[in-house]
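Report on the structure
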Amino acid sequence: MSSALIYKMRLKAPNMPGTASHNSNYVKYIAEREHVMKLSPESESGLFGKIGGANSDELNVIDTQKYVYDISKAGATVYNAYISFRPEIVRRLELDSLEKWQNYIKFHIETLMRGYGIPKNRFEYIAAVHDKKGQPHIHISFWDKDPPVIVQFVKKEVSDNVRKKLIHDTFANELSYYYGISNEAMSDAKELVGKLMIDFERDISGIYSDRFSGVDMPEELIRKYADILNNLPRRGRIAYAYLPKETKDMVIGMIKEMIMLPKMKTIIKDYYSGARSAAEMFDSKETEIDRKMRKAAGDLYNRIGNIILKSMLRTLKENNEQRKKDNAEINTQMTVDSVIYALNAMSRLFRTQGSAGTVNTAHALIGELSKQAKKDIARQKQDKGHEV
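Residues numbered from 1 in each chain as written. Predicted model: local features only at pLDDT ≥ 70, side-chain atom pairs only at ≥ 80, totals over all residues. Heavy atoms only, no water.

Points about a negative patch on the surface
Negative charge collects at one region of the surface, where E184, D188, E191 and D270 lie side by side. A per-element tally of the negative patch places helix 6 (residues 172-209) first, with 3 residues. In this fold, E184 is placed in helix 6. Classification of E184 as exposed rests on a relative accessible area of 53%. (Patch = residues over 30% accessible without salt bridge, like charges linked within 9 Å, V, L, I, M, F, W, Y side chains within 5 Å. Areas by Shrake-Rupley, 256 points an atom, 1.4 Å probe, with all protein chains shown as cover. Salt bridge = Lys/Arg side-chain N within 4 Å of Asp/Glu carboxyl O. Lys, Arg positive; Asp, Glu negative; His and termini not counted. Charge placed at Lys NZ, Arg CZ, Asp CG, Glu CD. Helix = DSSP H or I, 4+ residues; strand = E, 2+ residues; numbered from the N terminus. Buried < 20%, exposed > 50% of the residue type's maximum accessible area, 1.4 Å probe, protein only.)

Written out as structure tokens, the structure is:
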């Protein structure tokens, strides 16, 4: 399926032989083509536009041909373009009369002016609508009536930017709807990941303070969290975009696990659905749509990745503060592993035993706890009258 709007522009360099005749003949072609829309059955053609500072709903073909021939000879570059829609989109835009097509092009004429750098007071154009079955379109030729320099060619990117601007302005409401779906899903994803990380941090803190809410985090995610935590750069800014490849791959792996969580699946589906619908408005080539979808995925991963990293930085900060408080003479690697193993056990036990006694039981089950953690357990048991 083609994109929502097709825009093409061609020109012949003014100094090339035959350019003036080509541009003049093109006027006759667009004005008298079989499917041209006319103001009335009595009209000689469907040509309209703005020449000599005046707008006209019906231009004389012979006079316009001569005018275009003369300006071409004088060195003006004539840009011959057309805008095409699928039939269902023409119906959606309610372009069911020549008057409505004229209003459409007048509304978007400034996009052509700015796109090709033609001042408003020097911009002139002619146009005609062809109501061809299956491919309704409008031809428009335009030029700078007093160009300071002769334009020999236009970069492809210039016309592509004009095309994108026409699509953006023509389908502003639809694009806003699709972007809204995607943006809302992004916000929901960030909020859910942020909440999950905060709950996770709270439970890590709960190992020391007996505060445990029992966040239901899969063991694989807990393991990935620990692996990333232990592989964060020791210096420099900690941000997703600047991570070493090995560490970034770990974060990507964790994100892939997170977006498969039941609560995340629908959110992520909406995000990609909105992004793809918007992409399909601009392009029909699957390769280009895929490129935009990869960009959307990159944006999603960047935002979620930074939420995860901020959580880890807070975890490391609290972990270091706890070590100083307890005078624990152990390295950061062991402390992190101890926390993760304990939290892993607690998460499982909470679902089967409830919160009572979960912290101590988890500590007792895990044989890889830090020395300080084991001392804490012994101290708690003594306080409760247990033999140690």
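That was the structure; now back to the text.
Remarks on helix 8 (residues 245-258)
Under the 1.5 Å per step criterion, the end-to-end length of helix 8 is 20 Å for 14 residues, consistent within 8% with the ideal 20 Å. Those residues of helix 8 lying buried are T247, V251, G253, M254, I255 and M258. (Expected span 1.5 Å × (residues − 1).)

A closer look at helix 4 (residues 98-115)
Under the 1.5 Å per step criterion, the end-to-end length of helix 4 is 25 Å for 18 residues, consistent within 8% with the ideal 26 Å. The principal kink in helix 4, of about 40°, is found at H108. Just beyond helix 4, the residue with positive phi is G117, at close to 65°. (Bend = angle between axes of the 7 residues up to and from the residue.)

Section: the side chain of R163
With respect to the secondary-structure elements, R163 resides in helix 5 (residues 156-170). We classify R163 as buried; its relative accessible area is 11%. The residues touching R163, leaving out its near neighbours within four places in the chain, are L5, Y7, F282 and D283. (Contact = heavy atoms within 4.5 Å.)

Overview of the sheet that holds strand 1 (residues 6-10)
Within the open sheet, the 6 strands sit side by side as 1-4-6-5-2-3. Their pairing is antiparallel. Two strands bound the open sheet, and with one partner strand each, they are strand 1 and strand 3 (54-56). Strand-to-strand, the axes of this sheet are offset by a mean angle of 15°, without reference to chain direction. Bridge count for strand 4 (residues 79-84) against strand 6 (residues 137-144) is 6 bridges, and the pairing is antiparallel. By the bridge assignment, A81 is partnered in strand 6 with I140. Taken strand by strand, helix 2 (residues 61-73) contacts strand 2 (48-51), strand 5 (123-130) and strand 6, and its axis lies near 45° from that of strand 6. (Pairing = 2+ DSSP bridges. Axes fitted to C-alpha atoms, helices over the stretch in contact; angles between N-to-C directions.)

Here's the deal with the nonpolar core
Inside soluble globular proteins, nonpolar side chains tend to come together where they are buried. Core analysis: the largest hydrophobic core is formed by 39 residues, its most contacted members being M197, L232, M254, I308 and M312. Broken down by secondary-structure element, the contributors of at least two residues to this core are helix 6, helix 7 (219-229), helix 8, helix 9 (262-282) and helix 10 (286-326). Of the residues forming this core, the biggest block, 11 residues, is contributed by helix 10. Counting residues in hydrophobic clusters, the runner-up holds 37 residues, among them F48, I83, L98 and Y104. (Core = buried A, V, L, I, M, F, W, Y, C linked by side-chain atoms within 4.5 Å.)

It is worth stressing that arrangement in space is one thing and function is another; only the former is reported here.
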